Amino acid sequence: FLLIRHKKEKKTRTLAVAFIIRQQQSSPGNIYSIPVAMLRTVSCSASLSSSSPFFRFFRHFPRSSTAALRGPSRNLGRISSPSAAGRRVFLRRGLRVSSAATAGGGGVNGQFSRFSVRAVATPSYPDVGQDEAEKLGFEKVSEEFISECKSKATLFKHKKTGCEVMSVSNEDENKVFGIVLRTPPKDSTGIPHILEHSVLCGSRKYPVKEPFVELLKGSLHTFLNAFTYPDRTCYPVASTNTKDFYNLVDVYLDAVFFPKCVEDVHTFQQEGWHYELNDPSEDISYKGVVFNEMKGVYSQPDNILGRIAQQAISPDNTYGVDSGGDPKDIPKLTFEEFQEFHRKYYHPSNARIWFYGDDDPVQRLRVLSEYLDMFEASSSRDTSKIETQKLFSEPIRIVEKYPAGRDGDLKKKNMVCVNWLLSEKPLDLQTQLALGFLDHLMLGTPASPLRKILLESGLGEALVSSGMSDELLQPQFSVGMKGVSQDNVQKVEELIMDTLKKLAEEGFDSDAVEASTNTIEFSLRENNTGSFPRGLSLMLQSIAKWIYDMDPFEPLKYTEPLKALKARIVEEGSKAVFSPLIEQFILNNSHRVTIEMQPDPEKASQEEAEEKSILEKVKAGMTEEDLAELARATEELRLKQETPDPPEALRCVPSLNLSDIPKEPTYVPSEVGDINGVEVLRHDLFTNDIVYAEVVFDMGSLKHELLPLVPLFCQSLMEMGTKDLSFVQLNQLIGRKTGGISVYPLTSSVRGKAEPCSKFVVRGKSMAGRAEDLFNLMNCLLQEVQFTDQQRFKQFVSQSIARMENRLRGSGHGIAAARMDAMLNVAGWMSEQMGGLSYLEFLHTLAKKVDEDWEGISSALEEIRRSLLARNGCVVNMTADGKFLTNIEKSVEKFLNLLPETPSGGLVTWDGRLPLRNEAIVIPTQVNYVGKAGNIYSTGYELDGSAYVISKHISNTWLWDRVRVSGGAYGGFCDFDSHSGVFSFLSYRDPNLLKTLDIYDGTGDFLRGLDVDQETLTKAIIGTIGDVDSYQLPDAKGYSSLMRHLLGVTDEERQRKREEILTTSLKDFKEFAEAIDVVREKGVAVAVASAEDIDSANQARSNFFEVKKAL
Ligand SMILES: [Zn+2]
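Residues numbered from 1 in each chain as written. Predicted model: local features only at pLDDT ≥ 70, side-chain atom pairs only at ≥ 80, totals over all residues. Heavy atoms only, no water.

UniProt, in the comment section headed Subcellular location (unreviewed entry), describes the chain in these words: "Mitochondrion". Per its UniProt entry, the chain bears the Cofactor (unreviewed entry) comment "Zn(2+)". (UniProt positions renumbered as here; feature names shortened; annotations may be inferred.)

Structure representation (C-alpha cells):
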C-alpha cells in the first residue's frame, strides 16, 4: 500500500485519534478485515523514511465507507507503509509495541509481536535428511527448534553457489517465501528501486508484460509485493493454499533470476524514466512510475527530512545516497548501468532465501535447486558488503529548505531533529532489547517523558522522526519536532538534550517500567501481526541480521535475553540498566547530526522550473529528425503498453482452477445473547488466553455541530486523566493491566437504508485473568475522565492539524475520496467531518476558540459524553476461548450497570451532505491525486456479487494499464462501496489530471468492448475470492463478525454473494457498464493537486473545478 504511505504506524503511539479512511471493500464477505489507510498518522514517526523500503505497488485499501476504515488502523500500516517499515527494528524484536497497546490510538493490536512464549513440547516436523539435502545440492549448516515461534528452523547452503536458505517448519498454514538480495547503490539514481519494479515485468518462463499483475488478479495470495530498502531488495509472497503458494514462488524465482527487463529497454523506460514527446511541437516531459513515485516522496516534508537525516548520518557508505531515487538524479541513470546492476547483484551467491509454514521442506529445496543449479559461484557476496560508517568525532549540523505552500504562517513551519548513530559495531541481542525497551519508555506512549515533555513545551506542533531503529547495519536514534518557529529551533534542541540528561540522572518511574514490561510481554504473547503474515514478520526480523552475515536464528530467540534483562531490572533497578545506555549511546556519543529544515514557498516552483529548463535544453539540442524519432519512440512505447498480452502467453502464468476454491465462506463462530437487555456477541475462538472486547455505542443522539469534536473527544478520554489519576497514571495503569484500549468513531452507509450506521467504539484487550481490570478501566475512561485540561487540549488540536496536513500531502487520494463520499452520502459526510478537509478547516477555527472559549469547548465535550454513553442501543462483542467468555460476563454486567439507561437529548436525524460540485484542492506538490465518483445504485442497479469481480478487474487491467503503466502514476484504482453504492476512481502520485479523468470516463466503453475468455474470467474470480477469504487472526475474525452484525450482513447473504462471484459471466460485465456510466454522466471529480496543474485544467476546460486552498 503501499501506496499509502501509512507511514507512521508504529509511532503512532502518539495520539490516537482515528480518522477516516477508506477501506478495501472488495471483500463482500469480510469487508472489515483490512484497515485501510492510515489512520492515526503519527506525526512523529516515520520520517527516517529513507531507511524504509519502497514498495512495488501501492496496495491501496480504498474505502468502503464502512466502518472499519474509520476505525482504528490495524497493522497494515506497517507493511504497507514504506516509511514505517524501516524504522523499527526493535519492534521486530518484540519490543516496540504499537502505540495502541497503551495509548489511546486505534490499534488494538500490537503488531509486532510474535508467537507465544509458552513452553511447548517440541513437535516433530517433517525433516530433510542430510542425504536428501546433499542429493539436491545443499548442505545443512545448522538446525534449531525455536520455541518462540514453535518452529524448526534449518539453515542450508547451496553448495555450488553459496546461496543460503532458511527453511522454517511449523503448523502455520499462512506460508511465506521470500528472496532477499543485498543491493547497495552508489548514487541516487534509484537503480535498486527501478530494478525491483522491473524484474516483475516478465521473465524467461513467464514472458508476459507483468506476471506480477497476473498474480494480483488471479491468485489467493495473502501477501504479494516487493520492497527496496537502502541496502537490500526483498521479494516476498504468501498464501495459505499450497498449490497457489508454489505457483507464486516459481514466478518470483524466475523473475528475480531471469527477468526480461535486462534485455528490453521499454521496461526500464516505463518503470524508471523516459522522455515523453507526443508531438514534435510540444514540450518534452519526463515519465516513469518510479520517477513519479519519488516525486511524491520528495513532496512530503517529513520524508525529505528523513532522507536528509539518513544520508547525513552515514555519509561515507551506501546509506549516504537514496536507493529509492532522487527525482533530480533518476534521469541520469542509463540502461547499461541498470543491466550491470542486475548482473552483479541478482545472483544466487548474493541471495538469501526464506521458506516458512506447513509445507513439505523437501519440496522447497527441490524447487530451489532447479534454479540455483543453473549458476556458478560469483563474487557478488563480497562486492555487495556494506561498509561500516566510522563514528564522527564532532557533532554536525545541517540546514535545508523544503517546499511549502504560500499560505499559513511560514514562521511556524520549521522542523528540527537530532540523530545519533549509536555504534560502529553490531550490538548484542540483550543490549538491543534494552535499547528497544528504553525507546518504549522514553517515547512509546503519550505518557512517556520525552514525548510528553516535548509536546507540552509548546515549542512545536508534533514529533517527527523519533525513535530507535536497528534495521540497517548500525543502530540509530532520532528525535525531533515539526511546526516549530524559527526562534524556537534552538530551544527544541536544548530541551531534547536536557530531557535526555535528566532521564539519565533520574531514571524512570517504576510504574512506567512495569507498564512497558507488560505492554511488551503482552505483545509477544499475542503475536498479532494483523493482516501481515506472521512468517513475513519473522523473515524481516531474521534478515535484519542475516543480511549482514550474522546469525539468522538469533533475532528469533528473544526469550532468554528478555528474561535476563527483566532480572537485571529487578536486581539492579531500572536506573542502573537504562541510565548507562542513555549516557553511552546518546549523551556521550559525538556522532550526532542535527537537521534543521526551513519552509521555502519558492522551492516547489523553482524545482519545477529547473526541470523544465533541463528539458528545454534537451529539446533544443535535438534535430528535427531526433524529435520525430522521439515522438515515434513515445508512440511505440505507448502502443506496446496498451497492447494486451496474447492469451497463449497469459496461459503460461500458473493459476488455480475454480475447483480449488472452497464453495462456502469462512464462518466465524458467533452467538448472540444479552446481558440485562444489552445485546452481547460472543465468538469462541482460540486466542492464547487473551480476551478481545468491543463496546459499541450509538451516535443517534449526538448534535450535528458536535460531530467534528468527536475525534478530539476520543483523544481527551485517553489523555486527560480523572479527578484521582493524572493521564500519565491512567496510561500506566492501562499499560500494566491490559494489552491496550482505544476509542474511535465509526460510520458506514447501510445498504437499503437512508440512515447511516454511526457508532462510537471502545476496544480493548487483556489477558483473560485481567478482564475485570479491562472493563473497570474502560468504565473509568468513559465516565471519570475530566475535560478540564485546556493546555493538553490545545496540544491535541495542533497535533491534529499537523497530522491532517501530512495526510493531505501523503494520502491526498484519501482526502479526495472522503470529499466525494461526503457529497454522495450521509455516512461519508459524517466521516469527512471527522477526518477530511472539513475537519482540517474545523481544527483551524477550533485552535483560536480554545483560548477564547475553553469553557464552551469543555462543556461540549461533556455533552458528547452524555449523548453517547447509554445502555440503550449498546452492543458488546467478545472474542476468546469459550471458558473465558463465560467468566467475563460478570465484569461485563457490572460495566453495563454503571452506564446510564438512555442518552441525554433526543434522537437526531443525520442528513448532512456537501454540495455536489467538482473541486480542486491546492497543495504544494509535484504529483497529483485525482478522483471521480458516483452512486451506481441511483441507476437502479442492484448489488450482485459480480460487482466485486468487475471492479477488481477494472483496477487490475484498465486502470493499471492506463493510469499507471502509460500514464506514469504510481497507482490508479477503483473502489466500490457496496453499502452506499458509491463507485469511485482514484489515482495516486499522478503526473496527470484531466487525462486521468478521461480515462475514468472511458471505463464504461472499456467494459462494453471487453472480450474476456474463460481463463481471464476464472482468474478474476479467484483473485476476488482471495480478497473475500483474506487471512485473519482471531481478533480480526471476531471484529469482522461484529461489523457484519452492525451492518446487517448475514451469513446467508455472504453465501449468496459468493455464489454470484463464482458464477460471474461476461454478461455481468456488460450490464455493469450501464451502471458505471453514471460516474461519467453525473459523477463528481475531486483532485488534490498543484496550483499550476489546476490552473491549466481550468483553462482547458472552462473552470471545471471550484478551487479550494488547503496548504
Ligand atoms: Zn516503488
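(A) Representation of the overall build of the chain. Looking only at helices and strands, the chain has 41 helices and 28 strands in total. Every one of the 1111 residues in the chain was classed for burial, and the buried ones make up 69%. Look at the contacts in the chain between residues 6 or more apart in sequence, and 84% of them connect residues 24 or more apart. Accessible area for the chain stands at about 34300 Å²; split by element, carbon and sulfur atoms hold 49% of it. (Helix = DSSP H or I, 4+ residues; strand = E, 2+ residues; numbered from the N terminus. Buried < 20%, exposed > 50% of the residue type's maximum accessible area, 1.4 Å probe, protein only. Contact = heavy atoms within 4.5 Å. Areas by Shrake-Rupley, 256 points an atom, 1.4 Å probe, with all protein chains shown as cover.)

(B) Fine view of the sheet that holds strand β18 (residues 678-684). Taken in spatial order, the six strands of this open sheet run β17-β18-β22-β19-β21-β20, and their pairing is mixed. Two strands in the sheet have a free side with no partner beyond their single neighbour: β17 (671-675) and β20 (740-748). The sheet shows a mean angle of 20° between the axes of neighbouring strands, taken without regard to direction. Relative to strand β22 (residues 875-880), helix α38 (residues 1034-1047) is tilted by about 155°, and along the sheet it contacts β18, β19 (690-698), β20, β21 (757-767) and β22. (Pairing = 2+ DSSP bridges. Axes fitted to C-alpha atoms, helices over the stretch in contact; angles between N-to-C directions.)

(C) Structural view of the sheet that holds strand β12 (residues 396-403). Taken in spatial order, the five strands of this open sheet run β12-β16-β13-β15-β14, and their pairing is mixed. Edge positions in the open sheet fall to β12 and β14 (462-469), since each of these has one partner strand only. Geometrically, the sheet is characterised by an average inter-axis angle of 15° between neighbouring strands, direction not taken into account.

(D) Structural detail: helix α7 (residues 211-218). α7 sits mainly inside the fold: eight of its eight residues count as buried. When we look at burial in α7, the residues that qualify are Pro211, Phe212, Val213, Glu214, Leu215, Leu216, Lys217 and Gly218.

(E) Broad picture of a negative patch on the surface. A contiguous patch of negative charge on the surface is contributed by Asp279, Glu282, Asp283 and Glu616. For Glu282, the location among the structural elements is in the loop between β9 (274-276) and β10 (285-287). Classification of Glu282 by relative accessible area gives partly exposed; the value is 39%. (Patch = residues over 30% accessible without salt bridge, like charges linked within 9 Å, V, L, I, M, F, W, Y side chains within 5 Å. Salt bridge = Lys/Arg side-chain N within 4 Å of Asp/Glu carboxyl O. Lys, Arg positive; Asp, Glu negative; His and termini not counted. Charge placed at Lys NZ, Arg CZ, Asp CG, Glu CD.)

(F) The arrangement of the packing of aromatic side chains in detail. Throughout the structure, instances matching the rule amount to 43 aromatic pairs. Relative to Tyr345, the ring of Phe341 lies with its centre 4.8 Å away and its plane at 75°, an arrangement referred to as edge-to-face. Highlighted residues: Phe341 and Tyr345, both in helix α12 (residues 335-345), separated by four residues, approximately one helical turn. Ring-pair connections join several aromatic residues into one group, and the members of that group are Tyr937, Tyr941, Tyr948, Phe976, Phe983, Phe985, Tyr1000 and Phe1072. (Phe/Tyr/Trp six-rings, centres within 6.5 Å; stacked < 30°, edge-to-face > 60°.)

(G) How the structure looks around the side chain of Ser716. Mapped onto the fold, Ser716 is located in helix α25 (residues 710-719). Using a relative accessible area of 0% as the deciding quantity, one classes Ser716 as buried. If sequence neighbours within four positions are ignored, Ser716 has contacts with Val785, Phe787, Phe793, Phe796 and Leu861.

(H) Representation of the confidence of the model for the chain in the model. A residue-level look at the chain finds 89% of positions with pLDDT of 70 or above and a mean pLDDT of 87. Overall, residues 1-51 carries pLDDT values under 50, and its contacts beyond four positions in sequence, including any with other chains, amount to 301 contacts. Scored below 50 in pLDDT, residues 60-122 shows 347 contacts in the model against residues more than four places distant or in partner chains. (pLDDT = per-residue confidence, 0-100.)

(I) Structural view of the environment of Thr788. For Thr788, the location among the structural elements is in the loop between α27 (771-784) and α28 (790-810). Judged by relative accessible area, Thr788 falls into the exposed class, the value being 55%. In contact with Thr788, other than residues within four places in its own chain, are Met720 and Trp854.

(J) Structural view of the state of the cysteines. Counted according to the given criterion, the structure contains zero disulfides. A disulfide-free cysteine, Cys261 has its sulfur positioned 7.3 Å from the sulfur of Cys201, the nearest such atom. (Disulfide = S-S within 2.5 Å.)

(K) View of the packing of helix α20 (residues 559-572) against helix α21 (residues 574-587). Look at α20 against α21: their axes get within 6 Å of each other, and the N-to-C directions meet at 110°. Considered as vectors, α20 and α21 are oriented roughly perpendicular to each other. Side by side, α20 and α21 meet where Leu565, Arg568, Ile569 and Glu572 of the first sit next to Ser574, Ala576, Val577 and Phe578 of the second. Looking at the contact of α20 with α21 residue by residue, the classes come out as five nonpolar, one polar and two charged. (Parallel < 35°, antiparallel > 145°, perpendicular 65-115°, else oblique. Nonpolar A, V, L, I, M, F, W, Y, C, P; charged D, E, K, R; others polar.)

(L) Seen up close, the nonpolar core. The biggest cluster of nonpolar side chains holds 126 residues, and the ones touching the most others in it are Trp354, Phe697, Phe760, Phe793 and Leu808. Contact partners of Trp354, with chain neighbours within four places excluded, come to Met166, Val168, Val176, Phe177, Gly178, Gly535, Leu538, Met539, Ser542, Trp546 and Leu556. Grouped together as the second largest cluster of nonpolar side chains are 73 residues, Phe355, Tyr371, Leu650 and Trp960 included. (Core = buried A, V, L, I, M, F, W, Y, C linked by side-chain atoms within 4.5 Å.)

(M) Structural view of the environment of Arg803. Within the fold, Arg803 resides in helix α28. C-alpha separation for the pair Arg803 and Leu840, spaced 37 residues apart in sequence, amounts to 9.5 Å.

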